[in-house]
Every structure is written in structure tokens, then in C-alpha cells.
There are 2 protein chains.
Amino acid sequence: MASLHDVAKLAGVSKSTVSRVVNNEYGVKQATKDKVQKAIDELGYQTNLVAKELKSQKTNLIGVIVPRVASSATSQGVDGLSRVFDNAGKQVLLASTQQSFQKEIEFIRLFNQKRVEGIILYATHLDEELVEVILQSAAPVVLVGQDGSLFNIPSIVHDDFRVGFEAGNRLLSNGCRNIGFIGVASSDIAVDKLRYQGLEQALQFKRKGEPLFHSRGEFTIESGYLQAKQLLAEHANLDGLFCATDRIAIGAVKAIQELGLTAGLDIKVLGVGNDELGSVSSPSISTFNYPFDKAGESAAKLLMDLLSGEPASMSKIVLTFQTIDRETC
Amino acid sequence: MASLHDVAKLAGVSKSTVSRVVNNEYGVKQATKDKVQKAIDELGYQTNLVAKELKSQKTNLIGVIVPRVASSATSQGVDGLSRVFDNAGKQVLLASTQQSFQKEIEFIRLFNQKRVEGIILYATHLDEELVEVILQSAAPVVLVGQDGSLFNIPSIVHDDFRVGFEAGNRLLSNGCRNIGFIGVASSDIAVDKLRYQGLEQALQFKRKGEPLFHSRGEFTIESGYLQAKQLLAEHANLDGLFCATDRIAIGAVKAIQELGLTAGLDIKVLGVGNDELGSVSSPSISTFNYPFDKAGESAAKLLMDLLSGEPASMSKIVLTFQTIDRETC
DNA sequence: TTGAAAGCGCTACCAT
DNA sequence: ATGGTAGCGCTTTCAA
């Protein structure tokens, strides 16, 4: 592959001159410009950005780490952030951890070696080792989905505690008295713990006691179905069900229907996220809209601010949500 | 940020020696190894991969270009291909064109300058300029979704003509006599043209004449709804509707229901892709399963073969599909 | 077992 | 207006 040197030789000028015309710098005679351009075309010369990056100590690279891309939160998020980065002339180095916690750490290390300028990490948990690695990272890390602000890690989070609180109120004001919660892994503070605690808080506040149960499973329809099936058998008096995600809610509704009950009538069901699935399913899932694309955008903008050397002006951004009323509540 | 040089100075050895211990090369005394390791830890040295890449002329980078990541085809595809690349020690540079044809070209150029080893392009069309750029690209390009084999561009495609043919047969054998098609932009050969032509072929083959119409819109539920609404008004005798995607089908079903008709009974509806949306919607969408994750995987594997210098043994890979029977047909 | 030096492709400073 | 040169951080002979 042709280099500056080759072009220079062919055009009969120095590398410096070629560099000047390639970068459109001021002070090159039109005649030489033409000569050089001809050589460039002839050789099909293409700037070697890795050399340029080494020289300039600037890669324009942003690392993005996600547990998987095929989820509405991450796929919409990546679209959102890549729009921002593209406008800023940055490229996105994407890594999917396939839910492996260990890989998150490996990729943070690798990305630093690749000299990325910053990292956006979609996290599903946050443990000591991960926090350690993030704090050691030369490239600033912005966390999305979990709150790392306690450790001084800038974070974009959804208002998970409040969504739980709202869910509780919503269920209560729709007449529910026996309310349960289906969450995910307990290591997932945002999705499992906070949403549950918010619910708990709402019940306490209205003096309605404790939630009936706090069940845990995975982020799938199937898992929601399986859990609901069992829980329904154990709690015959259940009349309100708050699910940590819309997919789980869809599964739960299926279990409810199989029992000959009507979701939204016998048992009110609420999900979180406003996954498109919930809008087409039948009955449609009442939920809370989470702005996943904005989360990606905000993360990107926050990171760009950090990179521009401004002293961080916020420790975290908490995104709001909207109530979406549909058939199940 | 500490470099080999810094480590060498601190450890009192040469850069060469440091390089040797960093890369675990044979022939370094344990004592020096320890000395060097100590210096590395002290300085928090991290290999600068951009320097290494320049020196070794190897980036381990793969460029991936998608129209948007928030679609089942691309998000599942990216998950599939990134699994393969990760195992091979390659990183993924991701670009989203936001449906801009011009950006596809820009990114191919940029990626070549970044010295990616190969490019995977999720295309929604294929015009002369794009073909030109692909053929000029130093990094081999694998096309996904559109067939570029005519221009000697290795491609991963779904069996779009046959899916149309099958759709026709399926509709016919379910008693339909007046069949229409809702597609997308005519520049999208795979999704619009081939699927329609397959349908046409099936009708011809069974001597049932021509499809009632070939309408075109976008890849959205809304667009499917709007088109179907109008088409239903124009073609009162319609009893079979083939939609280029499941989302379009979902929209169409909504229009059908609004007319007081029953999808699957009065009008049979077929989609393509097996989008999860179609499985939870009501009525559920009869469709054809497209293995999007496998498409990503196959593209990755094909590219890796190309990179390993084997003479290309196939000009394209046509993925098969499965019939998914649900309520609308 | 270790070190010196050249060179990957580029930019930028200093001369001319 | 143009060229020479040093150097970004690394690997890799070749010598010692």
C-alpha cells in the first residue's frame, strides 16, 4: 500500500510537501499541488491513519461495551450515541461481552491499550473489581444503566427507584391490595433492587404493608412466564404484579391467561421500558417509557464534555420516564 | 502515559529487553524479568497498540457498517458476528449510516484509512457508485442482505426470491385468490423486488394470474398500517396479503381489524423475518424465520476465510428459512 | 542474555 | 514555497 514516501518519490517532491497537499495546508504552489495530486491518484494513495494517530497521539476512538446488542436498551442506545459521536468525528469501537462480567474488564483494558479516548459502559452490575478497573482506566468511563456516582464514576441512569414508587402508586390506585414483584439478578441494582425498593416504599407510604414477594429471574419472556406460573400458584390472592421489564411482563401475562384470569382485570400488570413488544402484544402492557436513545445520546455528550477538559459539572444524570397506560393496568 | 522507553530507563535495561518480557519471549533471565516487571507495575505501563499496529502492519480491526443498529436484522447480526470476531481476537469498528447511502461510501473510505482488515456491510441497496467503492476497497468487503455476487462481491443473503415463492404457495393453498404485496423502496432488491418476484412466480406457476398490487412504503408498523388502509379501500376483493416484513404485516393487520375484518380468516396475512413482535402481537403473524444471527456469523466467518488468504471458494451464501405458522395464515 | 539501531508512516519544526 | 530531520512507541534483526 502506497505511502507518503512513494507519492513523494513519484511526484519528485519531499514527503513534507505531499503531507501539505494531503492536509490542504497553506503555502503550496498550484503546480506542485497538481503534480502531487496526480501521483496520489496514480498510486491510489490513502492516508494511513494509524501512523497519523501515533504521531498525533489522537485516535478519535470511543470504546463502547454492551452486554449484548440485541436488546432495545442497548440497540437504541448505540444508535443514539453513535449519532453524537459521528457528528463529532469520532469512531465507535464496539464490544459485546455476552453477559460475561470478566469480559467487561478485559475490554476496558484492551480499549485502553488501543488508546481509545473514552469508554461508554452499559453495565448490569457493579462490583469492587470493576469499579477498581474503571477508576484505573486512563480513558474516562461513562456508565449507563447503573449508578457509579458513589465511586465518582459519571453515570447515566434511569429513575429506577421512582419508577418502582410510581408503579406501586399506580397499582394501589387501581385497587390492588396484594402486590408482587418479579425482578432479575440481585446483582443488578438498577433493574432489580431499586425498582423493588421503590415499590416497597410506595406501599409503606400508603400503609399497605409489604410486597407479597420479590421473585428473581432473567430478562426474557420465557423466564417471566415460568416465574409467574409458579408465583400465581403460591399466591392465590395476588391482584397486582410489577415486573422489572416489559418482556417479563409479557411472559407473566401469558401465565395469567393460562389460568383463565384476565390481566388488567383480575390481576393488574405493569412493566418497565416501553419495549415495542408490549405495545403490540395482547393485552398490551401498561408500562413506563424509558428513553433509551436519549440515554445513549446523553452518555455520549457527557463523555465529550469530559474529553474537552471541562471539569465534570455533574456526577450523574437521572433520566425521567413517562407513564404509558395500556390494557394491563 | 508511560512507554517502553520509560520502563527501560527505570529498570535499567534496553527497550528491546522490555519488549521481550512484555511479549513473553524466550531468552530473558528471570532476574531481569522481575526487574522489568517491577518497573512496569510501578509505572502502570500499558502497551500502546497503535504503535504496535503501525510497526506490525496489523490492526485486528474489522469495520461493520449498518443502516441502523436498532433493528432485529442488524442487532442480532452484530451480536452474531462480534462473537466470531471476538474469538478470533478481532475488534469491531461499528458505524451506523442512519440510512444515508452517502455515508456508506464515506465509512468504507474511512475504514480503509484506519486500515481495517475487512468490512462487513449491511446494505439496503446497491448502486454503481457503491459497487465501485467496494471493488476499490483494499479491505475485502462482505455484503449482508443484498446480493453483490454479480459484481464479484462475496455476499450473505437470505433466500428472498424463494420466500416470495413460498409465500405465494402458502397463500394460494390457504384458499386466497386475490393476493397483494406491500414492499419497501424499489432500490431494495432483496426486500422489495425479489420477494415480489417470487410471489409473482408462484402465482404464474399455478396459473393464478398476477398479484393485485405491488405497493411500497417503509420498514415500519405505521407505514404498513397506512398503506394497507388505502389498499383495502381500493381492493375490496383482497383475500391474501404478503408483506415484505413482519412489522409491515403488523400494521396491515391493524388496518384489517379496523375494517371489522379478521386477519387470518377474511384476509390471510404473511410477513417475513420472524420478528419477535409478530409472535406476541394479536393475532400473531404467520411468517418465515430468517436467521439473522447466523447471517452475522456467516459473514464473519466468510470474511475470516478471505483474510486467511484462501482463494474464495464461494461467491455467495444463501441462507435458508423456516415456515412459521401462526394465526394470520 | 542483552543492547543498538533501523524503520513502520506520519507531522512539525527549522532551514533554505 | 519546499526540503531535511527528528520523533511518536513499538518490533526485529544483527552484534556483542
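Scoring rules and cut-offs
- Residues numbered from 1 in each chain as written.
- Chains lettered and ligands numbered in written order.
- Predicted model: local features only at pLDDT ≥ 70, side-chain atom pairs only at ≥ 80, totals over all residues.
- Heavy atoms only, no water.
- Helix = DSSP H or I, 4+ residues; strand = E, 2+ residues; numbered from the N terminus.
- Expected span 1.5 Å × (residues − 1).
- UniProt positions renumbered as here; feature names shortened; annotations may be inferred.
- Pairing = 2+ DSSP bridges.
- Axes fitted to C-alpha atoms, helices over the stretch in contact; angles between N-to-C directions.
- Least-squares fit on C-alpha atoms with pLDDT ≥ 70 in both.
- Contact = heavy atoms within 4.5 Å.
- Salt bridge = Lys/Arg side-chain N within 4 Å of Asp/Glu carboxyl O.
- Buried < 20%, exposed > 50% of the residue type's maximum accessible area, 1.4 Å probe, protein only.
- Buried area = accessible area lost by both parts, 1.4 Å probe.
- Near = heavy atom within 4 Å.
- Polar contact = N/O pair within 3.5 Å; in protein donor to acceptor, adjacent residues only side chain to side chain.
- Nonpolar A, V, L, I, M, F, W, Y, C, P; charged D, E, K, R; others polar.
- Core = buried A, V, L, I, M, F, W, Y, C linked by side-chain atoms within 4.5 Å.

Side note on helix H6 (residues 101-113) of chain B
Stage number 1. Its 13 residues give H6 of chain B an end-to-end C-alpha distance of 19 Å, which sits within 8% of 18 Å, the value for a rise of 1.5 Å per residue.
Stage number 2. Of the residues trailing H6 of chain B, arginine 115 of chain B is marked for its positive phi of about 60°.

Let's talk about the UniProt feature "domain: HTH lacI-type" (unreviewed entry) in chain A
Stage number 1. Feature annotation in UniProt assigns "domain: HTH lacI-type" (unreviewed entry) to the following positions: residues 2-56 of chain A.
Stage number 2. When the span residues 2-56 of chain A is considered, its composition is 69% helix and 0% strand, and the gap between its end C-alpha atoms is 20 Å.

Here we look at the sheet that holds strand E3 (residues 118-122) of chain B
Stage number 1. In space, the 12 strands of this open sheet follow the order E11(A)-E5(A)-E4(A)-E3(A)-E1(A)-E2(A)-E2(B)-E1(B)-E3(B)-E4(B)-E5(B)-E11(B), with mixed pairing throughout. Across the chains shown, the open sheet's two edge strands, defined by having one partner strand only, are strand E11 (316-319) of chain A together with strand E11 (316-319) of chain B. Here the strands of the sheet are splayed against their neighbours by 20° on average, with no regard to which way each runs.
Stage number 2. Of the pairings in the sheet, the one linking strand E1 (residues 61-66) of chain A to strand E3 (residues 118-122) of chain A comprises 4 bridges and is parallel in character. Residue pairing across strands places valine 64 of chain A opposite isoleucine 120 of chain A, the latter belonging to E3 of chain A.

Quick word on the relation of the copies chain B and chain A
Stage number 1. At an RMSD of 0.1 Å, chain B and chain A line up after a rotation of 180° and a shift of 0.0 Å along the axis. Such values leave the two copies arranged in the relation of a two-fold axis.
Stage number 2. By residue overlap, the copies meet face to face through one surface: 100% of the interface positions of chain B are interface positions in chain A.

Digging into the environment of glycine 12 of chain B
Stage number 1. Following the sequence through the fold, glycine 12 of chain B ends up in the loop between helix H1 (4-11) and helix H2 (15-22).
Stage number 2. Between the C-alpha atoms of glycine 12 of chain B and alanine 39 of chain B, which are 27 residues apart in sequence, the distance is 9.4 Å.

Description of the pattern of salt bridges
Pairs can form between side chains of opposite charge once their charged atoms are near each other.
Stage number 1. For the structure on display, the rule yields 28 salt bridges over all chains.
Stage number 2. Here glutamate 53 of chain B and lysine 114 of chain A are joined by a salt bridge, their closest N and O atoms 2.8 Å apart. Of this pair, glutamate 53 of chain B sits in helix H4 (residues 49-56) while lysine 114 of chain A sits in the loop between helix H6 (101-113) and E3, which puts the two residues in different chains. Accessibility classification places glutamate 53 of chain B together with lysine 114 of chain A in one group, the buried group.
Stage number 3. For glutamate 258 of chain B, the salt bridge identified is with lysine 229 of chain B, shortest N-O distance 3.9 Å.

With respect to the interface of chain B and chain A
Stage number 1. Between chain B and chain A, the contact holds 43 residues from the first and 44 residues from the second.
Stage number 2. Carbon and sulfur atoms supply 58% of the area buried between chain B and chain A, which totals about 4200 Å² over both sides.
Stage number 3. Of all residues in chain B, the largest losses of buried area upon contact with chain A belong to Val50, Lys114 and Arg115 of chain B, amounting jointly to 15% of the total for that side.
Stage number 4. On the surface where chain B and chain A come into contact, there are 6 salt bridges.

Quick look at the pairing of E3 of chain A
Residue and element names in this part refer to chain A.
Stage number 1. The buried fraction of E3 amounts to 5 of the 5 residues, a majority that puts the element mostly inside the structure.
Stage number 2. Residues Gly118, Ile120 and Tyr122 line one face of E3 and the alternating positions Ile119 and Leu121 line the opposite face, and both faces are buried.
Stage number 3. Summarising the sheet, E3 and strand E4 (residues 141-144) pair through 4 bridges and their orientation is parallel. For isoleucine 119, the partnering residue across the bridge sits in E4 and is valine 141.

A short note on unusual backbone geometry
Residues and elements named next belong to chain A.
Stage number 1. The amide bond that connects serine 282 to the next residue, proline 283, takes the cis arrangement and shows omega of 0°.
Stage number 2. Residue placement: proline 283 occurs in the loop between helix H12 (276-280) and strand E10 (287-289).
Stage number 3. A positive phi is found at asparagine 24, a non-glycine position, where the angle reads about 55°.
Stage number 4. In this fold, asparagine 24 is placed in the loop between helix H2 (15-22) and helix H3 (30-43).
Stage number 5. Since its relative accessible area comes to 66%, asparagine 24 is described here as exposed.

A few points about the protein's contact with DNA strand C
Stage number 1. The immediate surroundings of DNA strand C are formed by 25 residues, with Leu4, Lys15 and Tyr45 of chain A together with Thr17 and Arg20 of chain B found nearest.
Stage number 2. Within 4 Å of the protein, atoms of DNA strand C come from sugar and phosphate in 58% of cases.
Stage number 3. Interatomic distance of 2.7 Å between a side-chain N/O atom of lysine 15 of chain A and a base nitrogen of DNA strand C.
Stage number 4. Sorting the residues of the surface near DNA strand C by element identifies H2 and helix H4 (49-56) of chain A together with H2 and H4 of chain B as the ones contributing at least two each.
Stage number 5. For the surface near DNA strand C, the leading source of residues is H2 of chain A, giving 4 residues.
Stage number 6. Per-class residue counts for the surface near DNA strand C are 6 nonpolar, 12 polar and 7 charged.

Side note on the nonpolar core
Stage number 1. Formed by 90 residues in total, the largest nonpolar core has its most connected members in Leu241, Phe242 and Val269 of chain A together with Phe242 and Val269 of chain B.
Stage number 2. Aside from chain neighbours lying at most four places away, what touches leucine 241 of chain A is Leu171, Gly180, Phe181, Ile182, Phe213, Ala252, Ile267, Lys268, Val269 and Leu270 of chain A.
Stage number 3. One finds Leu81 of chain A together with Val66, Leu302 and Leu306 of chain B within the second-largest nonpolar core, a separate group that totals 46 residues.

What to know about the protein's contact with DNA strand D
Stage number 1. What surrounds DNA strand D is a group of 26 residues, the closest being Thr17 and Arg20 of chain A together with Leu4, Lys15 and Tyr45 of chain B.
Stage number 2. Within 4 Å of the protein, the contacting atoms of DNA strand D are 57% sugar and phosphate, with bases supplying the remainder.
Stage number 3. Note that a base oxygen of DNA strand D is positioned 2.6 Å from one of the side-chain N or O atoms of arginine 20 of chain A.
Stage number 4. A distance of 3.2 Å separates a base oxygen of DNA strand D from a polar side-chain atom of lysine 55 of chain B.
Stage number 5. Within the residue set of the surface near DNA strand D, elements represented by two or more residues are H2 and H4 of chain A together with H2 and H4 of chain B.
Stage number 6. With 4 residues, H2 of chain B is the single largest residue contributor to the surface near DNA strand D.
Stage number 7. Across the surface near DNA strand D, the residue classes tally to 6 nonpolar, 13 polar and 7 charged.

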